[in-house]
Amino acid sequence: MEKERPITLIDAFKDFKEEKNIDRPVMMGVLKDVFLTQLAKTFGSSDNFDVIVNVDKGTCEIYQNFEIVEEVENPNAEMTLEQVCADSGDDDYEIGDTYAKPFSLASFGRRGILNIRQNLQGRIMDIEKANVYKKYSEKVGELFVGEVYQTWSKEVLILDEDGNELHIPKAEQIPGEHFKKSESVRAIIKSVEMRNNTTPYITLSRTSDEFLERLFEQEVPEIADGLITVKKVVRVPGDRAKVAVESYDDRVDPIGACIGVKGSRILGIVRELRNENIDVIPWSSNPSLLIQRALAPGMVSSIDLGQSPEDKVKVYMLPDEVKKGIGRNGVNVLLAGKLIGREIEVWRELSKAEAEEEDDVLLEDFANEIDQWVIDKLQGIGCDTAKSVLAIDPADVAKRADLDDETVEDVFRILKAEFED
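Keep in mind it's a predicted model, so treat the numbers as computed, not measured.

Draft legend 1. Region of interest: the pairing of strand β11 (residues 240-247). Across the eight residues that make up β11, a large majority, seven, are buried. Two elements, strand β10 (residues 228-236) and β11, share eight bridges in a ladder whose sense is antiparallel. By the bridge assignment for β11, Val234 is matched with Lys242. Linking β10 to β11, which pair antiparallel, is a turn of three residues; within it Gly238 sits at a positive phi near 85 degrees. The sheet contact formed by β11 and strand β12 (residues 277-282) spans six bridges and is parallel. Note on β12: the bridge partner recorded for Ala244 is Ile281.

Spelled out as structure tokens, the structure:
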């Protein structure tokens, strides 16, 4: 039985070579280190052992080097001349020479071979983890296509072609989307982490701005060729997105190229994002012009950029344009602010005289009854007169202005009292 053990071990080396995606020099180093480790456990030291691994043939040779001495003090490292001659059948050796004696794998014994196999398996797993970590760390930010293996309430498990596990947490999924087993999924590689020395935890994302940018690069050849550049992408996943593009060739229309004939290019992206509305706008280094484009379809009357980049941008619009500029649930103005990197407030372009003509009252006139911070919140959603606030449902005002229901109730009571006989 002992003679069969080395054969089994060699077969394991062949499987290791053929099935594991590990470089040849690394594989040889691991195998050699595994044997030397076991030899050190068995004999206390592996200094006088040579391990020769032939990966291609799946063979391993071990030699124990003995110094030829007159009197043996360390039987693991020394032999007499008579012992060497008897063992090798060669009488050409002399005192002081080194005799390399073949060491049989069977000499490790059953327990030793088991330790070698376990150690080897552990080292293989460590190398595989490191390879997976390195592979995907270098691909962070790239588009990934995989197959759904399992779905849970908190995440979706994806497998790549090598069987490695990748995860799409709930927070990285587009709201409302559902996946089926074996369904093909596209996402961006967001991060790779080593958690508690387990296999690398690879996170995919379908909600990141970069994911939309990669989709445009894939669908629009002019972007891949460098004729058009995606300058910035901002999103509210599943709702709306704005993509600012710029062309380096005057002959190429960046908007038309991204949308495609009859929307052929952008429709595929919209479907991938579960019907997310995508606005493609021309990029401009002029912040005022970029704001005007970003707030479309609302028409901007004037813009106050403030004194410093930290100031809020005040955008003035005619009353009929305010709702268009702000957008549903304030998404349009939110994305416009993200696009320029500043907070935007939309104001109704209505002078005090005009307010009086319309039998309306500016919110500023209620400063003695309504706290200034509340007035600022209301003005931030485009309401700067009493009637503009009363025209909106109280629940909607509370949500858009981030006010509690009690505060909104007090505001409505005060404003309504102004118009009572």
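Right, picking up where we left off after that structure.
Draft legend 2. Representation of the layout of surface pockets within the structure. Within this model, the second largest pocket holds a volume of roughly 500 Å³. The wall of the second largest pocket is formed by 22 residues, among which Glu343, Ile344, Gly380, Ile381 and Arg400 lie closest to the centre. Elements supplying a minimum of two residues to the lining of the second largest pocket: α11 (331-340), β15 (344-348), α13 (372-380) and α15 (394-401). Residue composition of the lining of the second largest pocket, by class: seven nonpolar, four polar and 11 charged.

Draft legend 3. The arrangement of helix α4 (residues 109-137) in detail. For α4, spanning 29 residues, the distance from its first C-alpha to its last is 42 Å, which sits close to the expected 42 Å at 1.5 Å a residue. Along α4, the residues that are buried comprise Gly109, Gly112, Ile113, Ile116, Leu120, Ile124, Ile127, Lys129, Val132 and Tyr136.

Draft legend 4. The packing of helix α10 (residues 319-326) against α11, seen in detail. As a packed pair, α10 and α11 sit with axes 5 Å apart at the nearest point and diverge in direction by 65 degrees. Classed by the angle they form, the pair α10 and α11 counts as roughly perpendicular. Taking contact as the criterion, the partners of Lys324, Gly325 and Ile326 in α10 are, on α11, Val331, Asn332 and Val333. Along the lines of polarity and charge, the residues of the contact of α10 with α11 split into three nonpolar, two polar and one charged.

Draft legend 5. Up close: the pattern of salt bridges. Scanning the entire structure with this criterion turns up 28 salt bridges. Where Glu177 meets Arg274, a salt bridge forms, and the shortest distance between an N and an O atom there is 3.5 Å. Of this pair, Glu177 sits in the loop between β7 (165-169) and β8 (184-193) while Arg274 sits in the loop between α8 (264-272) and β12; the two residues are 97 residues apart in sequence, bridging distant segments of the chain. A relative accessible area of 3% places Glu177 in the buried class. Judged by its relative accessible area of 31%, Arg274 falls in the partly exposed class. Among the salt bridges present, the one from Glu213 reaches Arg214, with a minimum N-O distance of 3.5 Å. Accessibility expressed as a relative area gives 16% for Arg214, which makes it buried. Salt bridges here are not isolated pairs; linked through shared partners, they connect Glu177, Arg186, Arg206, Glu219, Glu272 and Arg274.

Draft legend 6. Quick look at the side chain of Glu155. Along the chain, Glu155 falls in strand β6 (residues 155-159). For Glu155, a relative accessible area of 17% corresponds to the buried category. With sequence-adjacent residues up to four places away left out, Glu155 is seen in contact with His167, Ile168, Pro169, Lys170, Gln173 and Tyr201.

Draft legend 7. Spatial organisation of the sheet that holds strand β14 (residues 313-317). Taking strand neighbours across the sheet as the criterion, the three strands line up as β13-β14-β15 in an open arrangement whose pairing is mixed. This sheet does not close on itself; its edge strands, each paired only once, are β13 (302-304) and β15. If you compare each strand with its neighbour and ignore which way they point, the axes differ by 25 degrees on average. Sheet topology places β14 next to β15; five bridges connect them, and they run parallel. Bridge pairing in β15 places Met317 opposite Arg348. In the packing of α11 onto the sheet, the strands contacted are β14 and β15, and the crossing angle to β15 comes to about 130 degrees.

Draft legend 8. Just the nonpolar core, in detail. Ranked by size, the top nonpolar core spans 24 residues in total, and within it Leu212, Phe216, Val243, Val245, Leu273, Ile278 and Val280 carry the most contacts. The set of elements that each furnish at least two residues to this core consists of α5 (209-219), β10, β11, α7 (254-259), α8 and β12. The element best represented in this core is α5, accounting for four residues. Aside from chain neighbours lying at most four places away, what touches Leu212 is Val233, Arg235, Ala241, Val243, Ile269, Leu273 and Ile278. Ala401, Val411, Phe412 and Leu415 belong to the second-largest nonpolar core, a separate cluster that totals 21 residues.

Draft legend 9. Molecular detail of the side chain of Asn65. Mapping Asn65 onto the fold places it in strand β2 (residues 59-69). Setting aside chain neighbours within four positions, we find Asn65 in contact with Asn48, Phe49, Asp50, Ala77, Thr98, Tyr99 and Ala100.

What counts, and where the lines are drawn
- Residues numbered from 1 in each chain as written.
- Predicted model: local features only at pLDDT ≥ 70, side-chain atom pairs only at ≥ 80, totals over all residues.
- Heavy atoms only, no water.
- Buried < 20%, exposed > 50% of the residue type's maximum accessible area, 1.4 Å probe, protein only.
- Helix = DSSP H or I, 4+ residues; strand = E, 2+ residues; numbered from the N terminus.
- Pairing = 2+ DSSP bridges.
- 1 Å grid on protein atoms, 1.4 Å probe; cavity = no way out; pocket = protein on both sides within 12 Å on 5 of 7 lines; lining within 4 Å.
- Points joined across faces, edges and corners; volume = space filled by probe spheres on them.
- Nonpolar A, V, L, I, M, F, W, Y, C, P; charged D, E, K, R; others polar.
- Expected span 1.5 Å × (residues − 1).
- Axes fitted to C-alpha atoms, helices over the stretch in contact; angles between N-to-C directions.
- Parallel < 35°, antiparallel > 145°, perpendicular 65-115°, else oblique.
- Contact = heavy atoms within 4.5 Å.
- Salt bridge = Lys/Arg side-chain N within 4 Å of Asp/Glu carboxyl O.
- Core = buried A, V, L, I, M, F, W, Y, C linked by side-chain atoms within 4.5 Å.

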